[in-house]
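# Structural overview for review
Below, each chain spelled out in residue letters.
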Amino acid sequence: MHSVGNIDGDAEDGQRGTLLVGVCNGLMRWWKLTLVMLGIVAMVGLATRSPESQSTNSVALTRWTAHGCGLEGGPITLPTRLKLPPERCELLLETAVELPPELWGRPLLLTTPAPWAHVRPVVDGRVLEVDSLAAVLGLRPSSSHAFRLPPRAGPFTVGLSVTNTWVPAGWLRVAPRLGAMDDVDTGHRVALLVNELGPPLGFATLLTLAVLYAGIFLRNRAHVAEGYFAGQTASASLYCLFQWGPLGALMGDVDVAVMCMGLCTAIPFAVAFTHAQFNLHVSARPWLVLLGADALVAGLSAGRYELYFAVLPATVLTIALGIFYVGGTLVQQTRKRAPHAGTFLIGWSFVGVTAWPDFIAYLGGPDLTGGARIGHLGLMAFCIVQSSALSSAY
């Protein structure tokens, strides 16, 4: 009995060693991309959350008065979450500002990562129209807001006119800041860079890979895994399109439901890809049943303001289950020294690290990245890693 215990212990140690070797091999192959991803996440977190990222010549605007949307003259202190009525309405936030002398006579910039809605600046009761592409095309802004204000001296009133079209329009989780035009906060610069450049780049990358691997599958139907990978990347690209903004212009009020269905559809494709890649004869039927339930929730929630908190949690739950299942399967395959298993595991870790700050923000939790959405960066890195592993067979 004692010797059997040693054999079992040696076998378990051997599996752990094999897993460690597989992961290390993946890291060695993708160490540059891994360092880049970790650096981006760290930079976004530090730049948007640390006090040092904020300009010394800027003023944090934390105390406001709310008008409209059922909030008539009520004082609020930011950050906060306002529960607005489930209908389209205009919310006006106003506050009195006493500029420090060093900002007198200088062009001003009002910056705020929130809310995720159409916002127009208001100065001394006068609404300033925003001449932006998002406003012209009716896109829901994905980036933090920045408004140029004329030079002022002494006290004046500044406000934000917010169009309420969905639940996050009332989430004011970061206090706006007013500073000099030539002295923009580092946190705002980073959030702007990530949100403006990341989604279109991620969408282009995922769509290109989807078309490429769909062509490989259609040319030779034996490449089943490549076909599943094409479906996975095409479905996940809707998240980048949502973050970018065009999905809202194309789909209107149902854009959230369509984005959620894209992410939920990517999970069965990912599971099927994993099964096909490693010749695992496991039924994917439970994942199709889960997808059907997600489709029902998304269909009922489409365009309905009050059901935002039905479709988002369902989507997050599906993605979390998919990450844990595929990740666990890849751990097992890495222990068995299956080709590319360690590389795929590294790719999925990119998704896991970058997805949860976005999920927490969309579910109404704290905005850990100061308005910067980084999930599309993880999707892009994941697809590049997985595509490179697949292409090594050709």
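Structure: see above.
Here's a quick rundown of the structure. No experiment lies behind these values; they were computed from the predicted model shown. (Residues numbered from 1 in each chain as written. Predicted model: local features only at pLDDT ≥ 70, side-chain atom pairs only at ≥ 80, totals over all residues. Heavy atoms only, no water.)

## Side note on the packing of helix 9 (residues 308-335) against helix 10 (residues 341-362)
One can describe the packing of helix 9 onto helix 10 by two numbers: an axis separation of 10 Å at closest approach and a directional angle of 160 degrees. Classed by the angle they form, the pair helix 9 and helix 10 counts as roughly antiparallel. For the element pair helix 9 and helix 10, the recorded crossing hand is left-handed. Seen from helix 9, the contacting residues are Tyr308, Leu312, Val316, Ile319, Ile323, Val326, Gly327, Leu330, Val331, Gln333 and Thr334; seen from helix 10, they are Ala341, Gly342, Phe344, Leu345, Trp348, Val351, Gly352, Phe359 and Tyr362. Looking at side-chain class alone, the contact of helix 9 with helix 10 contains 15 nonpolar, 5 polar and no charged residues. (Axes fitted to C-alpha atoms, helices over the stretch in contact; angles between N-to-C directions. Helix = DSSP H or I, 4+ residues; strand = E, 2+ residues; numbered from the N terminus. Parallel < 35°, antiparallel > 145°, perpendicular 65-115°, else oblique. Left-handed = near helix turned anticlockwise from the far one by under 90°. Contact = heavy atoms within 4.5 Å. Nonpolar A, V, L, I, M, F, W, Y, C, P; charged D, E, K, R; others polar.)

## Topic: the sheet that holds strand 5 (residues 89-98)
Spatial strand order, 3-2-5-10-7-8: 6 strands in an open sheet with antiparallel pairing. Because the sheet does not close on itself, it has two edges, and the strands there are strand 3 (74-77) and strand 8 (126-127). For strand 5 and strand 10 (residues 155-164), the ladder comprises 10 bridges, and the chain directions are antiparallel. Bridged to Glu94 within strand 10 is Gly159. (Pairing = 2+ DSSP bridges.)

## Quick word on the pairing of strand 7 (residues 118-123)
Looking at chain direction, strand 7 and strand 10 are connected through 6 bridges and run antiparallel. Within the sheet, the bridge partner assigned to Val122 lies in strand 10 and is Gly159. Between strand 7 and the antiparallel strand that follows it, strand 8, lie 2 residues; Asp124 among them carries a positive phi value of about 50 degrees.

## Some remarks on the environment of Ala153
Locating Ala153 in the fold gives a position in the loop between strand 9 (145-149) and strand 10. The spatial distance from the C-alpha of Ala153 to the C-alpha of Pro101 is 7.8 Å, given a sequence separation of 52 residues.

In short, geometric facts, not functional conclusions.
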